[in-house]
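As a plain string of letters, each chain reads:
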4 protein chains.
Amino acid sequence: MIRIGLLGAGRIGQTHARAVAALDNVEITAVFDPVDEAAAFVTALTGARQATVSQIMHDDKIDAVIIATPTDLHADQIEQAAQAGKAIFCEKPVDLSAERVRACLKTADKAGVKLMIGFNRRFDQNFSKVREALDAGKVGNVELVQITSRDPSAPPIDYVKRSGGLFRDMMIHDFDMARFLLGEEVVEVSATGSVLTDPAIGEAGDVDTATATLRTASGKIAVITNSRRASYGYDQRVEVHGSKGMASAENMRPTTVVIANEEGYSQDPLLDFFMERYAEAYKSELQTFCAILAGEERSYPSGIDGLKALELADAAVQSLETGKSVKLS
Amino acid sequence: MIRIGLLGAGRIGQTHARAVAALDNVEITAVFDPVDEAAAFVTALTGARQATVSQIMHDDKIDAVIIATPTDLHADQIEQAAQAGKAIFCEKPVDLSAERVRACLKTADKAGVKLMIGFNRRFDQNFSKVREALDAGKVGNVELVQITSRDPSAPPIDYVKRSGGLFRDMMIHDFDMARFLLGEEVVEVSATGSVLTDPAIGEAGDVDTATATLRTASGKIAVITNSRRASYGYDQRVEVHGSKGMASAENMRPTTVVIANEEGYSQDPLLDFFMERYAEAYKSELQTFCAILAGEERSYPSGIDGLKALELADAAVQSLETGKSVKLS
Amino acid sequence: MIRIGLLGAGRIGQTHARAVAALDNVEITAVFDPVDEAAAFVTALTGARQATVSQIMHDDKIDAVIIATPTDLHADQIEQAAQAGKAIFCEKPVDLSAERVRACLKTADKAGVKLMIGFNRRFDQNFSKVREALDAGKVGNVELVQITSRDPSAPPIDYVKRSGGLFRDMMIHDFDMARFLLGEEVVEVSATGSVLTDPAIGEAGDVDTATATLRTASGKIAVITNSRRASYGYDQRVEVHGSKGMASAENMRPTTVVIANEEGYSQDPLLDFFMERYAEAYKSELQTFCAILAGEERSYPSGIDGLKALELADAAVQSLETGKSVKLS
Amino acid sequence: MIRIGLLGAGRIGQTHARAVAALDNVEITAVFDPVDEAAAFVTALTGARQATVSQIMHDDKIDAVIIATPTDLHADQIEQAAQAGKAIFCEKPVDLSAERVRACLKTADKAGVKLMIGFNRRFDQNFSKVREALDAGKVGNVELVQITSRDPSAPPIDYVKRSGGLFRDMMIHDFDMARFLLGEEVVEVSATGSVLTDPAIGEAGDVDTATATLRTASGKIAVITNSRRASYGYDQRVEVHGSKGMASAENMRPTTVVIANEEGYSQDPLLDFFMERYAEAYKSELQTFCAILAGEERSYPSGIDGLKALELADAAVQSLETGKSVKLS
């Protein structure tokens with residue numbers, strides 16, 4: 001039996017708890033959340049005891065932690081867990097400062113613990129199938145990746161202010177996806193952005209509509225578009241063009257129903273947001289983390305992947321501000 | 001807390017046990033299966049004790065039974081449960097003899113117990129959404145229903161022999177779906193069938209490819225096609241044409257991935273079979289049964305619905321044999 | 001230069017004239033239509049002279065006739081043309097009486113002239129591509145054909161009265177398509193129909209919603225559904241299921257535009273009616289006729305095909321009236 | 001009767017000749033092409049006489065010219081035609097030098113003649129329908145335009161060398177489309193590109209895979225991706241996101257046929273290239289030009305539109321070379 005301590009029992013922490021509960025030979029042993037109701041929910045669901053972060057870190061029977069606390073706590077908790085010799089699953093981003101992330105990774109590295117970052121989209125059945133198609137050579141050498149990612153609506157302004165901005169909060173998923181699909185490191189980034197959906201976002205120093213163009217050393221290109229507005233649901237698509245052809249992953253809908261009348265044919269809007277769209281991905285992600293804990297060899301998004309995505313986000317912000325493309329070392 | 005006894009812990013019984021386990025305020029208290037491993041699986045999953053049918057029927061703390069045993073046991077077990085005053089969920093078909101079904105329903109009726117039949121497709125998110133569209137008047141008055149239902153491959157010949165034949169075993173789902181979508185009772189049936197996929201099916205006295213045409217008193221028409229062969233997956237579609245337009249439910253695939261190359265565009269085959277395609281429907285079905293047990297008013301497929309579908313199957317068999325359409329009283 | 005006489009210069013006659021005008025080495029030499037404006041239109045378009053039917057039949061320089069007159073004139077004109085030794089393209093149906101058609105074919109046969117029937121749908125790029133897929137073995141042995149054919153709205157009652165009824169006027173195209181796709185002669189027909197769109201159609205002795213089921217000697221099945229109502233455009237689809245898979249031809253739309261908003265995704269209605277949907281088919285059909293005149297070997301719908309489709313329509317009418325399936329000799 | 005002189009009778013000149021031939025009250029009176037066969041083809045098709053450029057320019061009965069000669073002749077011929085008082089339809093680009101184009105437009109302006117540029121995609125039924133949807137307010141205020149444009153394969157290296165490069169030869173169509181869909185002038189351009197399909201393209205000083213990002217003064221963004229390689233056909237798509245929703249135009253295929261087997265579902269590759277994909281657009285374009293000649297008020301791509309697209313191409317080249325975004329005055 002593998003024992004896991006859960007730090008943070010909000011919406012995403014509960015999702016992870018449910019995913020673990022459905023697996024064999026693994027359990028949530030202890031849960032921490034300053035909001036008692038949240039922790040109690042996980043307790044009721046899994047039988048885990050409530051505990052402080054420190055108790056979890058010092059419990060020798062706990063093999064691993066899942067960090068689903070607010071972003072500004074991630075880095076400290078990773079370091080504590082690393083020093084306590086526990087394997088770590090941490091929600092993205094590790095931290096909003098690349099320097100802090102590097103320090104953090106060094107600590108985890110020194111401690112020799114596994115660190116997996118919650119880039120859940122890599123586990124989406126559609127995107128992972130695209131990656132399988134690439135690995136199987138179905139599109140030949142990758143040349144151009146196009147990623148469209150649009151939220152149904154903007155988060156609250158308070159969230160926007162704390163988020164590190166669209167590039168570090170939202171597009172960071174797409175930076176990771178671009179790396180996942182390009183199969184080669186990015187060496188140059190250029191980006192632009194606008195405030196089109198809500199002036200308050202601009203007042204908070206952020207943009208709500210943005211695009212970034214990435215290049216690798218061999219000249220492969222990725223283009224990402226993001227918006228905080230999509231009236232028709234959560235728009236999440238990728239397409240990868242290569243020397244032999246193209247692989248794309250289209251959106252998902254709640255049903256396959258089509259209604260036709262004199263105005264034409266109509267279909268449902270898309271699944272509304274990430275908890276629905278990526279429901280299976282969250283399960284698959286935790287299933288992978290638990291498989292790793294059990295000693296299986298699996299590919300997973302590492303701390304380095306978390307760092308690289310943040311570096312791309314930082315470069316995009318710099319490009320937005322300077323109007324110049326930014327080279328990465 | 002509502003307590004349920006599970007009769008039969010094979011594949012479908014286990015599916016129902018899992019569905020119940022995910023619900024609040026309801027539990028599988030006892031489970032019967034002559035195969036010890038099957039019963040033990042449910043015990044491990046739910047904490048239910050193993051018991052005999054008789055023990056379950058005589059346990060006053062048990063409110064309801066789920067009957068997932070072989071078809072030839074259904075009718076007896078319905079009658080026992082009815083006499084014991086328990087609510088009943090029974091897999092389709094109730095029995096292969098319409099007369100026996102009628103007797104059974106009479107017993108349940110006299111006992112005043114609820115009887116729900118496992119026409120799981122009514123709970124599929126796609127088909128139920130089509131029905132909602134009809135109820136909302138989106139296609140106007142229904143005129144023509146087309147149902148396509150194709151299994152990936154034929155069941156073992158042993159199963160074919162015991163099954164009551166394609167019309168009573170496979171198309172019975174579509175007869176129920178036709179009634180669900182027509183919104184009016186069928187008064188006339190004509191059917192035809194062939195042996196095209198495997199001569200052994202013909203030797204067993206059955207067909208593997210068949211079609212039935214149903215008419216209601218007001219002239220609405222439903223056309224059903226069935227086959228035991230579909231190389232591209234489990235093909236399950238309906239379309240409903242009315243005075244104002246059309247509503248259809250298309251198939252489901254494991255992913256939304258499209259690969260394009262010089263040969264064209266390609267997509268996954270369909271979900272392979274009913275356990276995948278109707279996974280959500282099975283959950284929703286048991287969720288409805290439990291809601292009914294908890295006193296909620298919900299529409300559900302009743303014993304009468306089970307009988308009507310069987311009568312349509314019998315009429316189809318008669319039409320196949322005589323080459324004449326068969327009138328229903 | 002091949003010279004053609006055009007009998008009938010209404011909408012379909014004009015379409016044929018335009019198709020011929022676009023081809024090399026063939027011309028419309030003479031045109032007959034009792035409506036002077038109609039004939040004059042063709043004259044202006046092609047330089048053809050106006051002429052009587054008799055003048056066309058007796059003009060030795062005319063190699064072939066296109067018969068696009070009202071149905072009740074077809075048989076006589078075929079016989080006149082055959083006796084004059086001219087190749088014949090005749091719109092469907094040859095006649096509403098199968099006996100009359102047989103006599104007609106005998107005359108053409110004796111005269112040794114080519115007779116092509118205007119089953120334009122065989123030349124539709126979609127349906128002909130399905131047939132190519134069948135010929136290439138892509139679906140294996142054909143088992144089940146499903147044909148959906150729905151007009152946007154019913155023709156005028158006057159037309160209905162003269163039409164020979166839905167089975168001989170509308171479903172006759174689908175009977176031909178079924179034969180085209182089954183690859184084997186039909187030996188048994190059963191049909192049903194209703195009056196659902198307009199009571200006046202019933203008063204005229206016809207139905208507006210109908211279905212027919214066809215069987216071949218080896219047990220292949222075709223199911224056809226027809227309606228005189230489709231608010232969303234001209235609905236014309238086929239699907240062919242075989243031992244190895246399925247080939248289908250979907251509908252056509254004026255554009256590929258998709259609009260998405262909070263209500264979902266929407267697309268254009270279908271192309272409105274046969275002149276739009278089958279525009280390319282009409283051209284391809286006449287192109288084939290002219291290729292045959294020029295001595296090329298091409299497969300085309302013959303007089304026998306016209307007769308067979310009518311016999312299926314007659315059998316369907318008989319089945320509708322008797323409630324029994326009808327065997328064909 | 002409007003009389004047109006055709007300069008250049010190659011593939012595109014012939015297409016225009018055919019389009020004019022199908023219209024009433026307009027004719028190709030004279031045709032010039034140094035290749036006698038090409039000119040003779042148009043003569044045979046339309047009855048036009050062969051003539052020199054000078055003869056066409058000095059023929060007072062000729063109202064308008066269609067310029068379909070090689071690019072390096074366009075500007076001179078526009079100026080000659082303008083000075084001769086003739087309306088002008090000119091294939092894109094007017095010239096590869098923006099300065100030369102400006103001089104040219106000044107001449108045409110001074111002469112008061114109409115000048116239409118052959119941005120045929122504005123006339124594509126799909127893209128023009130998207131524009132109609134925008135004009136009808138169906139997506140609200142435009143925020144983000146995404147344009148995907150991929151040729152099936154690269155042109156000959158000789159052509160590449162003379163073409164002015166991918167941005168001026170290929171993406172110029174997309175720059176015009178971006179302006180057509182943004183509804184606001186672009187003020188900033190950034191671009192990148194790679195040589196991925198053929199090193200010879202790089203040796204010729206060009207790229208074969210490229211992307212450009214455009215911004216308007218109010219912050220609207222357009223992202224264009226281009227490639228000289230698409231194994232699955234001619235890939236031409238746009239999507240426009242606005243405050244209320246999204247409008248997209250998808251690709252076109254030769255048929256609607258779907259084949260399903262155990263490997264999944266497959267469809268045709270796309271229409272192969274621009275002569276097929278834009279066949280209707282070319283007709284509609286010339287029909288618009290002739291309508292303008294006849295005095296109708298119609299919106300059309302003007303000389304200014306030709307200039308603006310070229311300026312965007314020049315800016316993209318500059319951005320590619322400098323790694324900086326380029327501001328337009």
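Note that the coordinates shown come from a computational prediction; the quantities given were computed from them, not determined experimentally.

## Focus: the relation of the copies chain A and chain C
Of the two same-sequence chains, chain A is brought onto chain C (RMSD 0.0 Å, axial shift 0.0 Å) by a rotation of 180°. Here the transformation between the copies is reduced to the relation of a two-fold axis. Among all C-alpha atoms of chain A, that of Ser266(A) lies closest to the rotation axis, at 2.1 Å. Comparing interface residues between copies, 100% of those in chain A also sit at the interface in chain C, which points to an isologous, same-surface contact.

## Digging into the interface of chain D and chain A
On the chain A side, the residues contacting the 37 residues of chain D number 37 residues. At the boundary of chain D with chain A, total buried surface from both sides reaches about 2,800 Å², with 51% on carbon and sulfur atoms. Among the ionic pairs, Glu143(D) bridges to Arg229(A), the shortest N-O distance being 2.3 Å. Elements supplying a minimum of two residues to the side of chain D that touches chain A: strand 7 (142–150), strand 8 (186–194), strand 9 (209–216), strand 10 (221–227) and strand 11 (235–242) of chain D. Across the side of chain D that touches chain A, the residue classes break down as six nonpolar, 21 polar and ten charged.

## Quick word on the interface of chain A and chain C
Counting residues at the interface gives 15 residues for chain A and 15 residues for chain C. Taken together, the links from chain A to chain C amount to zero salt bridges. By residue number, the principal contributor to the side of chain A that touches chain C is strand 14 (residues 264–267) of chain A, which donates four residues. The residue inventory of the side of chain A that touches chain C, partitioned by class, reads five nonpolar, six polar and four charged. As paired strands, strand 14 of chain A and strand 14 (residues 264–267) of chain C are joined by three bridges and run antiparallel to one another. Paired with Ser266(A) across the two strands is Ser266(C), which belongs to strand 14 of chain C.

## Regarding the relation of the copies chain D and chain A
Each of the two chain copies goes to the other by way of a rotation about an axis and a shift along it. Placing chain D over chain A gives an RMSD of 0.0 Å and needs a rotation angle of 180°, together with 0.0 Å of translation along the axis. Most of the interface of chain D is mirrored in chain A: 100% of its interface residues are interface residues there too.

## Details of the pairing of strand 13 (residues 257–261) of chain B
Side-chain positions along a regular strand alternate between the two faces of the sheet. Residue and element names in this part refer to chain B. Counting buried residues in strand 13 gives four out of five residues, a clear majority hidden from the surface. Looking at chain direction, strand 13 and strand 14 (residues 264–267) are connected through four bridges and run antiparallel. Bridging across to strand 14, Ala-260 finds its partner in Tyr-265. Here strand 13 hands over to strand 14 after two residues, the two strands then running antiparallel side by side.

## A short note on the state of the cysteines
All names here are of chain B. Per the counting criterion, the structure on display carries zero disulfides over all chains. Cys-90 carries a free sulfur, and the closest cysteine sulfur to it, the one in Cys-104, is 7.6 Å from it. Of the residues examined, Cys-90 reaches a relative accessible area of 0% and is grouped as buried.

## A closer look at the UniProt feature "domain: GFO/IDH/MocA-like oxidoreductase" (unreviewed entry) in chain A
In the numbering used here, UniProt assigns the "domain: GFO/IDH/MocA-like oxidoreductase" (unreviewed entry) feature to residues 127–247 of chain A. For residues 127–247 of chain A, the end-to-end C-alpha separation is 10 Å, with 30% helix and 36% strand making up the annotated structure.

## Points about the pairing of strand 4 (residues 64–67) of chain C
Residues and elements named next belong to chain C. Of the two faces of strand 4, the one holding Ala-64 and Ile-66 and the one holding Val-65 and Ile-67 are both buried throughout. In terms of strand pairing, strand 1 (residues 2–7) meets strand 4 through four bridges, oriented parallel. Residue pairing across strands places Ile-4 opposite Ala-64, the latter belonging to strand 4. Bridging between strand 4 and strand 5 (residues 87–90) involves four bridges; their strand directions are parallel. Considered in strand 5, the bridge of Ala-64 is made with Ala-87. In this view, the connection linking strand 4 to its parallel neighbour strand 5 by way of helix 4 (residues 71–83) has right-handed handedness.

## Remarks on the side chain of Asn120(D)
All names here are of chain D. Assignment of secondary structure puts Asn-120 in the loop between strand 6 (115–117) and helix 6 (125–135). A relative accessible area of 3% means that Asn-120 is categorised as buried. Those residues within four positions of Asn-120 in sequence are excluded, and the remaining contacts are His-173, Tyr-278, Ala-281, Tyr-282 and Glu-285.

## Concerning the UniProt feature "domain: Gfo/Idh/MocA-like oxidoreductase N-terminal" (unreviewed entry) in chain A
On the UniProt side, "domain: Gfo/Idh/MocA-like oxidoreductase N-terminal" (unreviewed entry) is annotated at positions that read residues 2–119 of chain A here. The span residues 2–119 of chain A shows a helical share of 47% and a strand share of 22%, and its end C-alpha atoms are spaced 22 Å apart.

## What to know about unusual backbone geometry
Residues Lys92(A) and Pro93(A) are joined by a peptide bond in cis, for which omega reads -10°. Residue Asn25(B) is not a glycine yet carries a positive backbone phi of 65°. Tracing the chain through its elements places Asn25(B) in the loop between helix 1 (11–21) and strand 2 (26–32).

## Thoughts on the packing of helix 1 (residues 11–21) of chain D against helix 12 (residues 279–293) of chain D
Residues and elements named next belong to chain D. Orientation of helix 1 relative to helix 12, taken along the N-to-C sense of each, is 60°, at an axis distance of 9 Å. If you check the angle between helix 1 and helix 12, you find them oblique. In the packing of helix 1 onto helix 12, the handedness of the crossing is right-handed. Residue-level contacts link Ile-12, Thr-15, His-16, Ala-19 and Val-20 of helix 1 to Tyr-282, Lys-283, Glu-285, Leu-286 and Cys-290 of helix 12. Tallied by class, residues from the contact of helix 1 with helix 12 come to six nonpolar, two polar and two charged.

## Some remarks on the sheet that holds strand 1 (residues 2–7) of chain A
All names here are of chain A. Taken together, six strands build an open sheet; the order of strands is 3-2-1-4-5-6 and the sheet is parallel. Of all strands in the sheet, those with a lone pairing partner are strand 3 (49–50) and strand 6 (115–117), marking the two edges. Where helix 1 (residues 11–21) meets the sheet, it contacts strand 1, strand 2 (26–32), strand 4 (64–67) and strand 5 (87–90), and its direction lies at approximately 155° from that of strand 2.

## Details of the domain arrangement of chain A
Residues and elements named next belong to chain A. Splitting chain A by domain gives domain 1 (2–117) and domain 2 (122–278 + 301–327). Taking the mean C-alpha position of each, domain 1 and domain 2 sit 27 Å from one another. Each side of the interface is counted separately: domain 1 has 15 residues, and domain 2 has 19 residues. When domain 1 packs against domain 2, close to 1,300 Å² is buried across both sides, 70% of that on carbon and sulfur atoms. On the domain 1 side of the contact with domain 2, Lys-92, Leu-96 and Ile-117 bury the most area, a combined 39% of that side's loss. With its nearest N and O atoms 3.0 Å apart, the salt bridge here joins Glu-311 to Arg-102. Here domain 1 is connected to domain 2 by three residue pairs in polar contact (both at pLDDT 80 or more). Only helix 1, helix 5 (98–111) and strand 6 provide two or more residues apiece to the side of domain 1 that touches domain 2. When residues in the side of domain 1 that touches domain 2 are grouped by element, the largest group, four residues, is from helix 5.

Thresholds, definitions, all that
- Residues numbered from 1 in each chain as written.
- Chains lettered and ligands numbered in written order.
- Predicted model: local features only at pLDDT ≥ 70, side-chain atom pairs only at ≥ 80, totals over all residues.
- Heavy atoms only, no water.
- Least-squares fit on C-alpha atoms with pLDDT ≥ 70 in both.
- Contact = heavy atoms within 4.5 Å.
- Buried area = accessible area lost by both parts, 1.4 Å probe.
- Salt bridge = Lys/Arg side-chain N within 4 Å of Asp/Glu carboxyl O.
- Helix = DSSP H or I, 4+ residues; strand = E, 2+ residues; numbered from the N terminus.
- Nonpolar A, V, L, I, M, F, W, Y, C, P; charged D, E, K, R; others polar.
- Pairing = 2+ DSSP bridges.
- Buried < 20%, exposed > 50% of the residue type's maximum accessible area, 1.4 Å probe, protein only.
- Disulfide = S-S within 2.5 Å.
- UniProt positions renumbered as here; feature names shortened; annotations may be inferred.
- Right-handed = clockwise from strand over helix to strand, strands pointing away.
- Axes fitted to C-alpha atoms, helices over the stretch in contact; angles between N-to-C directions.
- Parallel < 35°, antiparallel > 145°, perpendicular 65-115°, else oblique.
- Left-handed = near helix turned anticlockwise from the far one by under 90°.
- Domains from an automatic or database assignment.
- Polar contact = N/O pair within 3.5 Å; in protein donor to acceptor, adjacent residues only side chain to side chain.

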